[in-house]
Amino acid sequence: MSKWDVRFLRLAHEVAKWSKDRSTRVGAVIVGEDRTPGPYGYNGFPRYVNDEREERHTRPEKYSWTEHAERNAIYNAARVGMALKGCTIYVTHIPCVDCTRAIIQVGMRQIIVDESCLADGGFKERWGEHEKTTKEMLAESGVELSFVTVPAGNEDD
């Protein structure tokens, strides 16, 4: 764990606060090889889609309306023409299989996840079945997955 990993995971947590999801707020920050932070994303509805309609926030309906933080960050990179090959993505929660495929396909080399997500029972219950497949795909594709503990407070290391 480096102070940079902690800083970028804290940034991902800050971005996650922008999500209007009623159960789990997820944030993602993509960082270049030179540690320059780039596009970010949080789980939420697509641009210009009304996220105030309550029925769209109820399971299973919300799954049709919500985009995940990791893919939102990737789409934000596409909007500005940024190539992601070799980048690292910092996320507050372990990616689902759909986001994992996207991360692999754009050429990112590493995923760094806040380890505290493993203790989130509700998240684990909803997405736990994805974890095994996610880890298997990452191992086969050579994308590194790391878990980092983010200390409480403002300490960096």
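The sections below set out a description of the structure shown in this document. Not measured: the values here are computed from a predicted model.

Concerning the state of the cysteines
Counted according to the given criterion, the structure contains zero disulfides. Here Cys 99 stays unpaired: no disulfide links it, and the sulfur of Cys 96, its closest cysteine neighbor, is 3.8 Å away. Given the relative accessible area of 0%, Cys 99 is considered buried. Take Cys 117: it sits in no disulfide, and the sulfur closest to it among the cysteines is that of Cys 96, at 13 Å.

Notes on the nonpolar core
Ile 30, Ile 74, Leu 84, Ile 89, Met 108 and Ile 111 are the most contacted members of the largest nonpolar core, which has 24 residues in total. Elements with a minimum of two residues in this core: strand S1 (27–31), helix H3 (69–79), strand S3 (88–91), helix H4 (97–105), strand S4 (110–114) and helix H5 (121–141). For this core, the element with the most residues is H3, which contributes four residues. Excluding its chain neighbours within four sequence positions, the residues that come into contact with Met 108 are Ile 30, Ile 74, Leu 84, Gly 86, Cys 87, Thr 88, Ile 89, Ile 103 and Val 143. Ala 12, Val 15, Val 29 and Tyr 90 belong to the second-largest nonpolar core, a separate cluster that totals 10 residues.

About the criteria used
Residues numbered from 1 in each chain as written. Predicted model: local features only at pLDDT ≥ 70, side-chain atom pairs only at ≥ 80, totals over all residues. Heavy atoms only, no water. Disulfide = S-S within 2.5 Å. Buried < 20%, exposed > 50% of the residue type's maximum accessible area, 1.4 Å probe, protein only. Core = buried A, V, L, I, M, F, W, Y, C linked by side-chain atoms within 4.5 Å. Helix = DSSP H or I, 4+ residues; strand = E, 2+ residues; numbered from the N terminus. Contact = heavy atoms within 4.5 Å.

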